[in-house]
Amino acid sequence: MDKKVTFIGLGIMGSRMAKNLQKNNVNLTIYNRTSSAMDPLIEAGANGARSLEDAVEQSDIVFTMVSDPAAIEQVAFGENGFLSSMKEQALWVDCTTVNPSFSLKEADEAEKYNLRFMDAPVAGSKGPAENGELTFLIGGDPSDVKETRPLIEHMGTKVVHVGETGKGTAMKMLVNSLLAVAMVSFSETVLLGKKMGLSKDFLLDTLPDLPVSAPFLKAKAKMIKNGDQETQFPLELMHKDLHLASLSAYEQDHPLFLNNITKELFGQAKSDERGREDFSGIFDFLDNN
């Protein structure tokens, strides 16, 4: 593919996604508000932009992967946002986890500048991002999905075109709600088992192998058992995603009891200065409270 591509946002996920584009000889320009995060990719051959305007003005496709809707509003919208500097009919692909109604707002903002938009949040954390094994949950026009698929397949192994704009982020709301609720349920179950006299290590080894457990819990149980503190997906971002799911439920006039209870638990853990820990840190928080 000879298209010029920009990647904005080089955090835990974005840096690894951009690295996989760079490894596959994509004509890549990168931008991050903390410029030092760009250095490894610039050394590998990526073009480092000095400003948002420089980053996008020549690009055919712009990927964003930032923390939340507020960050998108800051970098994309308004006179100082990058949308005003993009070429007409260029494509903006947002991989940030936002709520579906915000995706529709993004599409409206893009349309003001005669741009195309696609929401493409990912399922997967640090490891899958590193290995190019993410799952992309996409909302947008089929022709845009086809255009970006070669690039996406450098970063992921599965592309799920859920439907029109906003449906990718709708699916991501469901995925992360399931992840967080399952993590809390597993943690409470193991801690109850300890109180009943069962070995913590036995429970962490045995429960994830049972058919009642979600597959991701095997890796999280191993992290807990080994005292592994490496952050795969920050607890504070899971709290944010639970809030967005709650907001989406409110917009749909739909109750979301377990999600909201889980959100409050993650909020308390965040207040306990655990926000930058992996979201599996909710286990230690519950164990100590």
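Residues numbered from 1 in each chain as written. Predicted model: local features only at pLDDT ≥ 70, side-chain atom pairs only at ≥ 80, totals over all residues. Heavy atoms only, no water.

Q: What exactly am I supposed to notice about helix 5 (residues 100–112) here?
A: Taking 1.5 Å of rise per residue, 13 residues should cover 18 Å, and helix 5 covers 19 Å from first to last C-alpha, within 8% of that figure. Of all the residues in helix 5, the buried ones are P100, F102, S103, E106, A107, E109 and A110. Down the axis, helix 5 shows its buried residues gathered within 165 degrees of arc, on one side only. Away from its buried face, by an angle of more than 90 degrees, helix 5 presents the exposed residues E111 and K112. (Helix = DSSP H or I, 4+ residues; strand = E, 2+ residues; numbered from the N terminus. Expected span 1.5 Å × (residues − 1). Buried < 20%, exposed > 50% of the residue type's maximum accessible area, 1.4 Å probe, protein only. Arc of directions from axis to C-beta.)

Q: Is there a simple way to think about the environment of L207 in this case?
A: Structurally, L207 can be placed in the loop between helix 9 (200–206) and helix 10 (217–226). Taking relative accessible area as the criterion, L207 reaches 17% and is therefore assigned buried. Sequence spacing of L207 and L217 is 10 residues, and the spatial spacing of their C-alpha atoms is 8.8 Å. Once residues lying within four places of it in the same chain are set aside, the contact partners of L207 are F186, T189, V190 and S213. (Contact = heavy atoms within 4.5 Å.)

Q: Whenever I open this one, the packing of helix 1 (residues 12–23) against helix 7 (residues 142–155) confuses me. Can you help?
A: For any two helices packed against each other, the geometry is given by the interaxial angle and the distance between the axes. Across the interface, helix 1 lies against helix 7 with an axial gap of 8 Å and an inter-helix angle of 115 degrees. Comparing the axis directions of helix 1 and helix 7 gives the class roughly perpendicular. As helix 1 runs across helix 7, the sense of the crossing is right-handed. From helix 1, M17, N20 and L21 reach across to helix 7, where they touch L151, H154 and M155. (Axes fitted to C-alpha atoms, helices over the stretch in contact; angles between N-to-C directions. Parallel < 35°, antiparallel > 145°, perpendicular 65-115°, else oblique. Left-handed = near helix turned anticlockwise from the far one by under 90°.)

Q: I'm lost on unusual backbone geometry in this one. Help?
A: Working note: non-glycine residues mostly have negative phi, and peptide bonds are mostly trans. Despite not being glycine, N25 has its phi angle at roughly 60 degrees, a positive value. With respect to the secondary-structure elements, N25 resides in the loop between helix 1 and strand 2 (27–31). Owing to a relative accessible area of 70%, N25 belongs among the exposed residues under this scheme. Backbone geometry at N114 places phi at a positive 60 degrees, although glycine is not the residue there. With respect to the secondary-structure elements, N114 resides in the loop between helix 5 and strand 6 (116–119). For N114, a relative accessible area of 34% gives the class partly exposed.

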